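# A look at the structure
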Amino acid sequence: MNIQTLLNQRIHSAMVAAGAAQDAPALVRQSAKVQFGDYQANGIMGAAKKIGTNPREFAAKVLEQLDLSDVADKVEIAGPGFINIFLKNDWLGATLADLRDSDRLDVTVVAEPQTVVVDYSGPNLAKEMHVGHLRSTVIGDAVVRTMEFLGHNVVRQNHVGDWGTQFGMLLAYMERLRAQDAQVSMALSDLETFYREAKICFDEDEAFSVRARELVVSLQSGDEECLKLWNEFIEVSLQHCEETYHMLGVSLARKDVKPESAYNEDLPKVIADLDAQGLIKDDQGAKCVFLEEFANKDGDITPIIVQKTGGGFLYATTDLAALRYRQSQLNADRVLYFVDARQSLHFQQIFTLSRKAGFVKPETSLEHMPFGTVMGSDGKPFKTRSGGVAKLSALLEEAQERAFQLVASKNPDMPEEEQRNIGRVVGVASVKYADLSKNRTSDYVFNWDNMLSFEGNTAPYLLYAYSRVASIVRRSEMDVANFQAPIHVVEDQERALAVKLCQFEEAIQQVIHDGMPHFLCAYLYELAGIFMSFYEACPILNAEDEVKFSRLQLALNTASTLKQGLELLGIETLERM
């Protein structure tokens, strides 16, 4: 049930009947303060202005046309023309009963599912995944989980970097190790060291750098031996990625990998198509596209280089090929790119060019979902104590160990195996939630103490809140699977909890509309806090039977909503902490 959608439809119809234009929005929002009701319609003033009438007078006409008697027990005009809506307690109770009886919390499946292609994570296979890959991976994964929950056809695309100049360098180093009878598999066990040593050879040894460049040409030309070496390197790299994905608890799998190399054969065709449409100009031997839309105030245009002097292709060429594939083969209605904010201009150019070239349909939505940087306490991009880029796997291992130490100190009598499991769940959840709970467009400071705190908008707080609600339900000794009883909303705290529970669908709609999981995090945090206030003010297990059963339903619905919400964020829950 989406209350906001229901109210928008009813109020919009009343506005049109009262004389508003057909496209006049009702603009129904959740009220900021309880005295303004549960919802507020803010579209009256704009509609009144368009038809040249007094907003309050128009609001009165809207109320004459509006029937919310089944949903609300009071509807009033406030201020210059707002409409405040106070939901009925009986209606809230009945809505919560529907939520309880639904295996998906009464969340509506979309009537017209879209095919949504989501490009996220995309690590460079020349190195192990590091903290810089965290945001793309966890934010993208939360959005795809939420979209699938609402019924969309989601296609995950892990556009890993497995092609280009640096791979010639790595192949040359593999070749050198083999010539020295060294065990390449052992050397590849630490990709960071392998890459660093190959880079030193490339920078300091002219013969090595020449050989590396030769191997790039051989690789791109399909040389059998070169491809064999390359495949060995890629396999080891992908295994590193998969281990990190498993530890992180994200839903990416090997089948979702669509690497840069997959588009290699199509790159000359992209150039040919652009050239046939008169979009390419030669500039000092390179093939470029100059888009007037990106001219600066002096009329200068930063070109999109699609083929280098000498014939090499660039990221832009691969991204254009990927877009064409996603449209023609995957039939995308919407394509989302979770890539950091520094790539904003690149994607604006690629989206504009792909439309000019006819690679995507005019109605296909192309959206760059930029995100900020994970910062250290020094205000600079987060690094390890030694000053290096933090490996994501090492970061997660440290999180689990820190969480284990915290759990062990709070529960010294708990078996170590259980302490370790709780530490694993809490540690990984803390790292993910600290990221997901922030507006993705903002930078944020990585702080162990804050993310592992049991106070505030953190994973430990929410996991503890869930386990506490689950404990209450357990202690009732009720057969919750078959437990049904009327839900009576009477006390103010019961009402606040009921309203918040009914707003779950609205929270997840925000996630998929804007690609921002922090809306769902904020909802779950508010829900947990409202439940705690309800629990303190309204006894559950010691109440009279009818009241007890009703309040247990509220607790059960809260547990189900917290669990489902955390699952959409990719966060595992614990029944006991």
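This write-up is about the structure you can find in this document. (Residues numbered from 1 in each chain as written. Predicted model: local features only at pLDDT ≥ 70, side-chain atom pairs only at ≥ 80, totals over all residues. Heavy atoms only, no water.)

Now for the overall build of the protein chain. When you go through the protein chain residue by residue, the secondary structure sums to 21 helices and 13 strands. Each principal axis of the C-alpha atoms in the protein chain carries an extent, and together these give about 85 × 70 × 40 Å. Looking at the protein chain as a whole, 52% of its 577 residues qualify as buried. At a minimum sequence separation of 6, the contacts of the protein chain that also span at least 24 residues come to 73%. Counting only carbon and sulfur atoms, one obtains 48% of the accessible surface of the protein chain, whose full area is about 26500 Å². (Helix = DSSP H or I, 4+ residues; strand = E, 2+ residues; numbered from the N terminus. Buried < 20%, exposed > 50% of the residue type's maximum accessible area, 1.4 Å probe, protein only. Contact = heavy atoms within 4.5 Å. Areas by Shrake-Rupley, 256 points an atom, 1.4 Å probe, with all protein chains shown as cover.)

What follows is about the pattern of salt bridges. Tallying each qualifying case throughout the model produces 30 salt bridges. Two residues, Asp-101 and Arg-100, come together in a salt bridge whose shortest N-O distance is 2.9 Å. A residue is classified by how much of its surface remains accessible, and Asp-101, at 47% relative accessible area, is partly exposed. In this structure Arg-100 comes out as buried when scored by relative accessible area, which is 18%. Here Glu-235 ties to Arg-254 by a salt bridge, and the two come within 3.2 Å at their closest N and O atoms. With Glu-235 in helix H10 (residues 224-248) and Arg-254 in the loop between H10 and helix H11 (267-276), this residue pair connects regions lying 19 residues apart in the sequence. In this structure Arg-254 comes out as partly exposed when scored by relative accessible area, which is 33%. What emerges from the salt-bridge pattern is a single network uniting Glu-175, Arg-211 and Glu-214. (Salt bridge = Lys/Arg side-chain N within 4 Å of Asp/Glu carboxyl O.)

On to the packing of aromatic side chains, then. If you walk through the whole model with that rule in mind, you get 14 aromatic pairs. Here Tyr-173 and Phe-194 contribute two aromatic rings whose centre-to-centre distance is 5.0 Å and whose plane-to-plane angle is 75 degrees, an arrangement assigned as edge-to-face. Residue Tyr-173 is located in helix H6 (residues 165-179), and its partner Phe-194 is located in helix H8 (residues 191-204); the two are separated by 21 residues in the primary sequence. With centroids separated by 6.0 Å and ring planes inclined at 70 degrees, the aromatic side chains of Tyr-263 and Tyr-325 adopt a geometry described as edge-to-face. Taken together, the positions of Tyr-263 in the loop between H10 and H11 and Tyr-325 in helix H12 (residues 315-328) put the pair 62 residues apart, joining distant regions of the chain. In textbook terms, an aromatic cluster arises when at least three aromatic residues are bridged by ring pairs, as seen for Phe-167, Tyr-173, Phe-194 and Phe-233. Geometry around Phe-149 places Arg-104 over its ring, the cationic atom sitting 4.3 Å from the centre. Taking NZ or CZ as reference, Lys-410 lies 5.4 Å from the ring centre of Phe-454, over its face. (Phe/Tyr/Trp six-rings, centres within 6.5 Å; stacked < 30°, edge-to-face > 60°. Lys NZ or Arg CZ within 6 Å of the ring centre and 35° of its normal.)

Before going further, it helps to spend a moment on the nonpolar core. Membership of the largest hydrophobic core comes to 158 residues, with the highest contact counts inside it found for Leu-520 and Leu-569. Residues in contact with Leu-569, not counting those within four places in the same chain, are Ala-142, Lys-432, Tyr-433, Leu-436, Pro-517, Leu-520, Cys-521 and Leu-524. Counting residues in hydrophobic clusters, the runner-up holds 30 residues, among them Val-270, Leu-279, Leu-330 and Ala-332. (Core = buried A, V, L, I, M, F, W, Y, C linked by side-chain atoms within 4.5 Å.)

As a further point, take the pairing of strand E4 (residues 82-87). With five of six residues buried, E4 lies mostly within the body of the structure. Of the pairings in the sheet, the one linking strand E3 (residues 72-78) to E4 comprises six bridges and is antiparallel in character. Counterpart to Ala-72 in the pairing with E4 is Leu-87. Taking the residues between adjacent antiparallel strands as the criterion, E3 and E4 are bridged by three residues, where Gly-79 takes a positive phi near 55 degrees. (Pairing = 2+ DSSP bridges.)

Quick look at the side chain of Gln-400 now. For Gln-400, the position within the fold is in helix H14 (residues 392-410). The residues touching Gln-400, leaving out its near neighbours within four places in the chain, are Met-247, Gly-423, Arg-424, Gly-427 and Val-428.

For the rest of this paragraph, the subject is the sheet that holds strand E5 (residues 115-119). Spatial ordering of the open sheet is given by E6-E5-E10-E11, a layout of four strands whose pairing is parallel. Two strands bound the open sheet, and with one partner strand each, they are strand E6 (153-157) and strand E11 (365-368). On average, each strand axis in the sheet is tilted by 15 degrees relative to the strand beside it, whichever way the strands run. Note that E5 and strand E10 (residues 334-337) share four bridges and pair parallel. Its bridge partner being in E10, Val-116 is matched across the sheet by Arg-334. Lying over the sheet, H12 contacts E5, E6, E10 and E11, oriented at roughly 145 degrees with respect to E10. Here helix H13 (residues 344-356) sits on the sheet in contact with E10 and E11, set at roughly 170 degrees to E11. (Axes fitted to C-alpha atoms, helices over the stretch in contact; angles between N-to-C directions.)

It is worth spelling out the packing of H12 against H13 at this point. Where H12 contacts H13, the axes come no closer than 10 Å and their chain directions differ by 50 degrees. Between H12 and H13, the crossing angle belongs to the class labelled oblique. Where H12 crosses over H13, the handedness of that crossing is right-handed. Each of Tyr-315, Ala-316, Asp-319, Leu-320 and Leu-323 in H12 lies in contact with H13, whose residues at this interface are His-346, Phe-347, Ile-350, Phe-351, Leu-353 and Ser-354. Grouping the constituent residues of the contact of H12 with H13 by class yields eight nonpolar, two polar and one charged. (Parallel < 35°, antiparallel > 145°, perpendicular 65-115°, else oblique. Left-handed = near helix turned anticlockwise from the far one by under 90°. Nonpolar A, V, L, I, M, F, W, Y, C, P; charged D, E, K, R; others polar.)

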